[in-house]
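# Overview (structure and organization)
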Amino acid sequence: MSLILDHVSYTYSVGSGYEVKALNDVNLKIEDGEFIGIIGHTGSGKSTLVQHLNGLIQATSGTIYYNGADIYDKDYDRKELRTQVGMVFQYPEHQLFETTVFEDVKYGPKNQGLDDKQATLRAFEALQKVKFPEENYDASPFELSGGQKRRAAIAGVIAMKPAVLILDEPTAGLDPKGRDEILGLIREMHDKSGITIILVSHSMEDVANYVDRIIVMEKGAPLFDGAPREVFANYKKLEEIGLAAPQVTYLMHDLYDQGYPVDPQATTVEEAKQEILRVFGNR
Amino acid sequence: MLKDITLGQYYPVDSVVHRLDPRVKLFGTLMYVICLFVADHVAGFALMTVVLATVIFLSKVPFSYMVRGLKAIVLLLVIAGAFNLFLTPGEAAFTLWKISVSWAGIKSALLMVFRMTYLIIGTSIMTLTTTPNQLTDGLEKSLRLLNYIHVPVHEIAMMMSIALRFIPILIEETDKIMKAQMARGADFEKKGLVNKAKAMVPLLVPLFVSAFRRANDLALAMEARCYHGGEGRTKMKPLHYRRIDAVAYVAILFVFAASIAVAILY
Amino acid sequence: MGIIEAKDLVHEYYRRDEEGNVESIETAVDHVNLSVQPGQFISILGHNGSGKSTLAKHINALLLPTEGTLLVDGKDTSVEANELSIRKNAGMVFQNPDNQIIASVVEEDVGFGPENIGVPTEEIWTRVEKALKSVGMWEYRTHSPNRLSGGQKQRVAIAGVMAMEPKCIILDEPTAMLDPDGRKEVIKTAHELNRTKGVTIILITHYMEEVVDSDYVYVMEKGSVVMKGTPREIFSQVDALKQYRLDVPQVTLLADELRKAGMDIPAGILTREELLEALCH
């Protein structure tokens, strides 16, 4: 059970004179149950990459295998793929349209062909998962606060029970409080139900605390791929391409360079604290 | 696919047509439309073709770019053409199954398709070569007289210019919402009119909501920048006629006269 | 006297039912006092719904106080005759870069403000040139705003305000919708205008790392100012900041944790150089 990208390339506006190569020979393997962060600045190809995973964009060359089957095969049911690989777009609250939150969340399950009763159950379950306040189930989605709208929109995708959930900048435009809540929620979903999560972001610090694996996209291809501490070890290169490693990484490297025997690969405040106390503790 | 709609989008190159005063272009477009409806003979068609080809050549906008804008209305053309073809009575030219097609029908269908195609291409040359702001200024000045009968000319012109500015943004937004709903299992290729209409609800509601939100934001931003209607406003790019504009006026009137002459002669 | 003086400023939103009866009253700004001196760089921090944006809209006379007074450059915002001159003197940049650009060409958009206040044509051009150069967007003057990045669009919006030659600029969450590059770009531009042109800046944000270089910081919560001081004074109260759910920069957080664990580190660490210095002294 996995997603495999095999030499995937994608070019925008083929034949129009101003072609843009958005993806350039990408090879990736994503296993079941992984929690992955895809990082890159605007235009690095990260959004294009994830839209390939559920078939919304078709590669110009190369192919993608989902659970062993070629998704570009003539007989492959790509509508089914989209429900297996769920996708939460940037500012997902802009897609809400029904008269109540509950009806809106039911939209996806109904499109899957479930009857009203099953769809209701799914919607209920999904809204519980995103900790949406029960008293607002029947509220109009347009009257909610920003954070609640986003939860409702995320529930609309997870109600389809995808095996893989992709979130494109799920915290964009939220304040720190809203951001922590949404990221916490995503982690909880991952830990409890073992769903594969792919988080697209341009913020290293957001992602470092949550994911197990980071893929750094640059010019349409993965530049680094590994555990956060391995990726952040390349902090100088990251800075060159306009992405900063977490502040802590810089500090630990500075200390290490000055001859203190700290582990420079600490990436979170907690890890850094333990390291500094270990080395400087006796002062 | 939605990005292919070129209607009304400014194409930034430097050409004679781009440099013309927008009032000239507005007047020219008006005359062109009249000529199109006066023309009902091959000679008239030929004249308009030459005029259109010359203007397209002078505008330096690639022809393929203009034609892309036509794709959106092909269906409309086919329907309008078919109506004329089958529903015009007259001497039968040939019979398909039980429906007979008259010579008059063929003629009026051809005329219809020709006029609509030329109309779209011709008018889009104006918007392709004129920035929305120039267009607004041109309209405002040309229609100044209407101010005396209390038509809010400045406000109407401003609304038009803002609408044009937001067309590409809303197109992009439509594309995004479509993808988001497809990811939730929406099917925009359903068969049947009722199903199609139903499938559009999840697309149109968010689009309207977003358009209203943007309108609200924009009104606030305009107010914050001291916008208070046309009163006491100055212009960054005031309109002044130049020699080339006079030449263009003469050329337009010449074409107009020629097309009337052609219509009378044939 | 300061360029902006708010005295016991209160703003209430009335929610009405269908018949127009008042259903509930929400106090968005609650007795706020504020004094900004010309040339200062002020930041107002707070998360969504803290009332910071409502406050900002008062400075531009887009909203009027329910109670209390607000003077901008000595003029009372609640006097209607002052409206245009206040808006001219206190320009405003909003959150969404797309929804505040009016024209389809960069230079025409920058000229929009001067046109509205009746600046003669030739002067509009010199102002537009000056404004675009001051934000580093001069070479994009004939571009369409749709092709620009988020950070560039915000710089055009700032230029649009600069062309009105304001004494003060209010930036209402100008970076909330931008990527890290764009955020840096905008904050850098604001500081440059403050330094080189002496424009008073009021930056409204929820990102703490953006306020580090301000002269003075206000923290808002539920419509009131709950903390105020220099960035160092504010950053030394990590527990209070956490309580208001603000995003304390990693270095400040780490320094605070180490201090609590008994290490000898001063409070209010702002940068990693400072922490390094404190550790290695």
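Residues numbered from 1 in each chain as written. Chains lettered and ligands numbered in written order. Predicted model: local features only at pLDDT ≥ 70, side-chain atom pairs only at ≥ 80, totals over all residues. Heavy atoms only, no water.

## Let's talk about the overall build of chain C
Broken down by element type, chain C carries ten helices and ten strands. Relative to a compact globule of 281 residues, whose C-alpha radius of gyration would be 19 Å, chain C shows 20 Å and is just as compact. Dimensions along the principal axes, computed over C-alpha positions, put chain C at roughly 65 × 55 × 40 Å. Here chain C holds 281 residues, and the buried ones make up 58% of them. When contacts within chain C are restricted to residue pairs at least 6 apart in sequence, those whose partners lie at least 24 apart make up 64%. A distance of 4 Å separates the average location of the 29 positive side-chain charges in chain C from that of its 44 negative side-chain charges. (Helix = DSSP H or I, 4+ residues; strand = E, 2+ residues; numbered from the N terminus. Rg over C-alpha atoms; globule rule 2.2 N^0.38 Å. Buried < 20%, exposed > 50% of the residue type's maximum accessible area, 1.4 Å probe, protein only. Contact = heavy atoms within 4.5 Å. Lys, Arg positive; Asp, Glu negative; His and termini not counted. Charge placed at Lys NZ, Arg CZ, Asp CG, Glu CD.)

## A closer look at the interface of chain C and chain A
Chain C puts 27 residues into the contact, and the matching count from chain A is 31 residues. Considering only the side of chain C, the residues that lose the most area to chain A are C:Arg245, C:Gln250 and C:Arg272, jointly responsible for 23% of the buried surface there. At the boundary of chain C with chain A, the tally comes to three salt bridges. Its salt-bridge partner being C:Arg272, residue A:Asp254 comes within 3.2 Å of it at the nearest N-O pair. Applying the counting criterion to the chain C and chain A interface returns eight residue pairs in polar contact (both at pLDDT 80 or more). (Buried area = accessible area lost by both parts, 1.4 Å probe. Salt bridge = Lys/Arg side-chain N within 4 Å of Asp/Glu carboxyl O. Polar contact = N/O pair within 3.5 Å; in protein donor to acceptor, adjacent residues only side chain to side chain.)

## Regarding the packing of helix α2 (residues 22-38) of chain B against helix α7 (residues 132-142) of chain B
Residue and element names in this part refer to chain B. Two elements in contact, α2 and α7, have axes separated by 8 Å at closest approach and are oriented at 75 degrees. By the angle between their directions, the pair α2 and α7 is classed as roughly perpendicular. In contact with Pro22, Arg23 and Leu26 of α2, α7 contributes Gln134, Gly138, Leu139, Lys141 and Ser142. Looking at the contact of α2 with α7 residue by residue, the classes come out as three nonpolar, three polar and two charged. (Axes fitted to C-alpha atoms, helices over the stretch in contact; angles between N-to-C directions. Parallel < 35°, antiparallel > 145°, perpendicular 65-115°, else oblique. Nonpolar A, V, L, I, M, F, W, Y, C, P; charged D, E, K, R; others polar.)

## Comments concerning the sheet that holds strand β5 (residues 75-76) of chain C
Residue and element names in this part refer to chain C. Taken in spatial order, the four strands make up an open sheet running β2-β1-β4-β5, and their pairing is antiparallel. Each edge of the open sheet is held by one strand with a lone partner, namely β2 (22-36) and β5. Note that strand β4 (residues 67-72) and β5 share two bridges and pair antiparallel. Each bridged residue has a counterpart across the sheet, and for valine 72 the counterpart in β5 is lysine 75. This element, helix α1 (residues 52-59), spans β1 (4-16), β2 and β4 of the sheet and lies at about 115 degrees to β1. (Pairing = 2+ DSSP bridges.)

## A word on the packing of aromatic side chains
This structure, assessed with the given rule, holds 13 aromatic pairs over all chains. Here the aromatic rings of A:Phe124 and A:Tyr137 are separated by 6.0 Å at their centres, their planes lie at 80 degrees, and the arrangement is edge-to-face. Highlighted residues: A:Phe124 in helix α4 (residues 116-129) and A:Tyr137 in the loop between α4 and α5 (146-158), separated in sequence by 13 residues. Site record: aromatic cluster; members linked through ring pairs are A:Phe102, A:Phe124, A:Phe132 and A:Tyr137. The aromatic ring of B:Phe166 is capped on one face by B:Arg165, whose charged end is 5.0 Å from the ring centroid. Stacked on the ring of C:Trp138, the Lys or Arg C:Arg141 has its end atom at 4.1 Å from the ring centre. (Phe/Tyr/Trp six-rings, centres within 6.5 Å; stacked < 30°, edge-to-face > 60°. Lys NZ or Arg CZ within 6 Å of the ring centre and 35° of its normal.)

## Describing the state of the cysteines
Applying the stated criterion across every chain yields a total of zero disulfides over all chains. Free cysteine: C:Cys168, not disulfide-bonded; nearest cysteine sulfur from B:Cys226 at 13 Å. (Disulfide = S-S within 2.5 Å.)

## Description of the nonpolar core
A:Leu165, A:Ile186 and A:Val216 are the most contacted members of the largest nonpolar core, which totals 47 residues. Excluding residues that lie within four positions of it along the chain, A:Leu165 makes contacts with A:Gly86, A:Val88, A:Val157, A:Ile158, A:Met189, A:Ile195, A:Thr196, A:Ile197 and A:Ile198. In terms of nonpolar packing, the next biggest core, distinct from the first, is built from 38 residues, A:Ile276, C:Val212, C:Met227 and C:Leu270 among them. (Core = buried A, V, L, I, M, F, W, Y, C linked by side-chain atoms within 4.5 Å.)

## Focus on unusual backbone geometry
Residue and element names in this part refer to chain C. Phi is positive for glutamate 165, which is not a glycine, with a value near 50 degrees. Here glutamate 165 lies in the loop between α5 (150-162) and β7 (168-172). Since its relative accessible area comes to 38%, glutamate 165 is described here as partly exposed. Of note in the backbone geometry, lysine 222 takes a positive phi value of approximately 50 degrees without being a glycine. By the secondary structure assignment, lysine 222 is in the loop between β9 (216-221) and β10 (224-229).

## Side note on empty space enclosed by the protein
Evaluated as defined, the whole model comprises seven cavities of 30 Å³ or more. Taken as a whole, the largest cavity encloses approximately 220 Å³ of empty space. At the level of secondary structure, the elements contributing two or more residues to the lining of the largest cavity comprise α7 and α8 (153-183) of chain B together with α3 (106-116) of chain C. With five residues, the top contributor of residues to the lining of the largest cavity is α7(B). Its residues assigned to classes, the lining of the largest cavity comprises six nonpolar, five polar and seven charged. (1 Å grid on protein atoms, 1.4 Å probe; cavity = no way out; pocket = protein on both sides within 12 Å on 5 of 7 lines; lining within 4 Å. Points joined across faces, edges and corners; volume = space filled by probe spheres on them.)

## Thoughts on the pattern of salt bridges
Residue and element names in this part refer to chain C. Throughout the structure, instances matching the rule amount to 47 salt bridges over all chains. A salt bridge links arginine 232 to glutamate 274, with the nearest nitrogen and oxygen atoms 3.1 Å apart. Taken as a pair, arginine 232 in helix α7 (residues 231-235) and glutamate 274 in helix α10 (residues 272-280) lie far apart in primary sequence, 42 residues in all. Look at arginine 232 and you get partly exposed, because its relative accessible area is 40%. Since its relative accessible area comes to 24%, glutamate 274 is described here as partly exposed.

## Looking at the interface of chain C and chain B
The partner chain B presents 28 residues to the 39 residues of chain C that form the contact. Roughly 3,100 Å² is buried in total at the junction of chain C and chain B, and carbon and sulfur atoms are behind 55% of that figure. Remark: the boundary between chain C and chain B carries five salt bridges. Across the salt bridge formed by C:Glu107 and B:Lys237, the nearest N and O atoms sit 3.0 Å from each other. There are 18 residue pairs in polar contact (both at pLDDT 80 or more) connecting chain C and chain B. Of all elements in the fold, only α2 (83-89), α3 and α4 (121-134) of chain C reach the threshold of two or more residues within the side of chain C that touches chain B. With ten residues, the single largest contributor to the side of chain C that touches chain B is α3(C). Of the residues that constitute the side of chain C that touches chain B, the class distribution is 19 nonpolar, twelve polar and eight charged.

## Details of the packing of α2(B) against helix α10 (residues 243-265) of chain B
Residue and element names in this part refer to chain B. Direction vectors running N to C along α2 and α10 enclose 5 degrees, while the axes themselves pass 10 Å from each other. By the criterion of interaxial angle, the relationship of α2 to α10 is roughly parallel. Facing Arg23, Val24, Phe27, Gly28, Met31, Ile34, Cys35 and Val38 of α2, the residues of α10 in contact are Asp245, Ala248, Tyr249, Ile252, Leu253, Val255, Phe256, Ser259, Ile260 and Ala263. Here the contact of α2 with α10 is built from residues that sort into 14 nonpolar, two polar and two charged.

## Comments concerning the pairing of strand β8 (residues 196-201) of chain A
Residues and elements named next belong to chain A. Most of β8 is tucked away: six of the six residues are buried. Neither face of β8 is open: one carries Thr196, Ile198 and Val200, the other Ile197, Leu199 and Ser201, and all of them are buried. Taken together, the five bridges between strand β3 (residues 35-39) and β8 define a ladder with parallel strand orientation. Across the sheet, the residue bridging to isoleucine 39 is serine 201, located in β8. Across five bridges, strand β7 (residues 164-168) lies against β8 in parallel orientation. Bridging across to β8, valine 164 finds its partner in threonine 196.

## Re α1(C)
Residues and elements named next belong to chain C. Along α1, seven of the eight residues are buried, which leaves the element largely enclosed by surrounding structure. Along α1, the positions that sit buried rather than exposed are Lys52, Thr54, Leu55, Ala56, Lys57, His58 and Ile59. One or two positions beyond α1, positive phi appears at alanine 61, with a value near 60 degrees.

## Considerations on the domain arrangement of chain B
All names here are of chain B. The domains assigned to chain B are domain 1 (1-130 + 239-266) and domain 2 (131-233). Computed over C-alpha atoms, the centres of domain 1 and domain 2 are 26 Å apart. Domain 1 puts 15 residues into the contact, and the matching count from domain 2 is 15 residues. Interface area, domain 1 with domain 2, both sides summed: about 1,300 Å², of which 74% is carbon and sulfur. Where domain 1 meets domain 2, there are zero salt bridges. Along the contact surface separating domain 1 from domain 2 lie zero residue pairs in polar contact (both at pLDDT 80 or more). Looking at the side of domain 1 that touches domain 2, the elements that each hand over two or more residues are α2 and α6 (103-129). (Domains from an automatic or database assignment.)

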